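Architecture at a glance
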Amino acid sequence: MLDRIHRHLRHHYLQSIKQKNMTEEIEKVRVLIIGSGPAGYTAAIYTSRAELKPVLYQGLQPGGQLTITTDVENFPGYPEGISGYQMMEDMRKQAERFGADIRWGVITSVDFSERPFKVVADETKTILADSVIIATGASARWLGLETEEKYRGYGVSACATCDGFFYKGKDVAVIGGGDTAAEEATYLAKICKKVYLIHRRTEMRASKAMQNKVFNTPNIERLFGYVPVEITGEKNVDGLTIKNVTTQEISNIVVDGVFVAIGHTPNSAIFKGQIEMDENGYIITVPGSTKTNVEGVFAAGDVQDTHYKQAATAAGTGCMAAIEAERFLNSVS
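Residues numbered from 1 in each chain as written. Predicted model: local features only at pLDDT ≥ 70, side-chain atom pairs only at ≥ 80, totals over all residues. Heavy atoms only, no water.

So, on to unusual backbone geometry. Keep in mind that most residues, glycine aside, have a negative phi and that most peptide bonds are trans. In this structure, Pro-116 follows Arg-115 across a cis peptide bond, with omega equal to -5°. Inspection of the secondary structure assignment puts Pro-116 in the loop between strand E4 (107-111) and strand E5 (117-121). Its identity as a non-glycine residue notwithstanding, Lys-53 has a phi of 50°, on the positive side. Tracing the backbone shows Lys-53 in the loop between helix H2 (37-49) and strand E2 (55-57). A positive phi angle is found at Gln-248, which is not glycine, with a value near 65°. (Helix = DSSP H or I, 4+ residues; strand = E, 2+ residues; numbered from the N terminus.)

This part covers the state of the cysteines. Counting across every chain of the model gives one disulfide. Here Cys-159 connects covalently by a disulfide to Cys-162, the sulfurs 2.2 Å from one another. Sign of the S-S torsion, about 70° for the bond between Cys-159 and Cys-162, identifies this disulfide as right-handed. Distance from the sulfur of Cys-192, which forms no disulfide, to the nearest cysteine sulfur (Cys-159) is 13 Å. Exposure remark for Cys-192: the relative accessible area of 6% places this residue in the buried category. (Disulfide = S-S within 2.5 Å. Buried < 20%, exposed > 50% of the residue type's maximum accessible area, 1.4 Å probe, protein only.)

Moving on: helix H8 (residues 311-332). Side chains of residues three or four places apart in an α-helix project in the same direction, reflecting 3.6 residues per turn. In this model H8 runs 32 Å from its N-terminal to its C-terminal C-alpha over 22 residues, within 8% of the 32 Å that 1.5 Å per residue would give. Looking only at H8, the buried set comprises Ala-311, Ala-314, Ala-315, Thr-317, Gly-318, Cys-319, Ala-321, Ala-322, Glu-324, Ala-325, Phe-328 and Leu-329. Contact partners of the buried residues in H8: strand E1 (25-34), H2, helix H3 (84-97), strand E6 (125-134) and strand E17 (297-299). (Expected span 1.5 Å × (residues − 1). Contact = heavy atoms within 4.5 Å.)

The topology assignment puts Phe-166 in the loop between helix H5 (160-163) and strand E9 (171-175). On a C-alpha basis, the gap between Phe-166 and Gly-105 in space is 35 Å, while along the polypeptide they are 61 residues apart. Every residue in contact with Phe-166, bar those within four places of it in the chain, is listed here: Asp-71 and Glu-73.

A word on the sheet that holds strand E12 (residues 226-233). With antiparallel pairing, three strands are arranged side by side in an open sheet as E12-E13-E14. Whereas interior strands pair on both sides, the edge strands pair on one side only; in this sheet they are E12 and strand E14 (250-253). The sheet shows a mean angle of 25° between the axes of neighbouring strands, taken without regard to direction. Of the pairings in the sheet, the one linking strand E13 (residues 237-244) to E14 comprises four bridges and is antiparallel in character. Directly across from Ile-242, in E14, lies its bridge partner Ser-251. (Pairing = 2+ DSSP bridges. Axes fitted to C-alpha atoms, helices over the stretch in contact; angles between N-to-C directions.)

Centre distance and the angle of the planes are the two values used to describe a pair of aromatic rings. Considering all chains together, one arrives at six aromatic pairs under this definition. Seen from their ring centres, Phe-112 and Phe-117 are 5.5 Å apart, and the 80° between their planes marks the pair as edge-to-face. The pair formed by Phe-112 and Phe-117 is uniform in burial state, with each residue classed as buried. Both rings, one in Phe-298 and one in Phe-328, keep their centres 6.3 Å apart while their planes meet at 70°; by these two values the pair is edge-to-face. Here the residue Phe-298 occupies a position in strand E17, and Phe-328 occupies one in helix H8, the gap between them amounting to 30 residues. The exposure class assigned to Phe-298 is buried, which follows from its relative accessible area of 3%. Residue Phe-328 is classed as buried on the basis of its relative accessible area, which comes to 8%. One aromatic cluster is present, formed by Phe-112, Phe-117 and Phe-271 through successive ring pairs. Lying over the aromatic face of Phe-98, Arg-49 brings its terminal NZ or CZ to 5.0 Å of the ring centre. Cation over ring: Arg-152 sits above Trp-142, and NZ or CZ is 3.8 Å from the ring centre. (Phe/Tyr/Trp six-rings, centres within 6.5 Å; stacked < 30°, edge-to-face > 60°. Lys NZ or Arg CZ within 6 Å of the ring centre and 35° of its normal.)

Below is the structure:
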């Protein structure tokens, strides 16, 4: 649902720009950061402190996925926890304090074939960048249920590592059958009273090693051959309605949380054909760095992270990308 809303907003935003009959502008920058969130804002903090005068385009969801997260309690420096939205506001203000030029806008095309790199914003403004840091993130795949969006942040999550603590000693459900779902279920089983693992197929797609972990964890109840129909509750989640795909029988289970673990989609479509990616669209970086196969282009955060997907690790790679961009620019200047 949110992806459709973002596409709708993007279409109308670009239409409004075109209707203003803006003439093409050309701007030259040393560092262009594409995307906000922990990776993008951290890169902006470091590059602005290095006096590289970075320009950052936030995209249609400034701050990224964390802006729709209610409470963040595992990011260093916030002992009482903080809302995801406020944390991203803090990062943005910190970057601006050091001089980062942060803009609301959409990057609509890129050309990494030669330096300076040619990037077009809002289909009207051409930017020539000596270096580029990609921090566009990844979007969680959702089930598409109306009630799923209603309870997002109120019992529905796509990250057990982020939100599992809130369900200590409670019953939860995990939706999915791959490695991600198996990892989420076994992680939650350590802190929750009971975990229902719900998968539409009769067999998991996860690796044998991960399946063995699931099968050998006593407080994981496997409900294979079922699909979620509706998430229930007053203000917060209190149950999940599921349907047997063979008999069509409807059942209800009592849970305090629902974790959707059907994967993520990296926000990398605009870079297709310009940069090396894996089969799922994640940008490939040199191990131990944020360097891509294009010299001068760096990738940070969830758009290149297939393992951790945490705000702290995204911020770390944002720092790495900024330092590597600075060193690259020093080497070619």
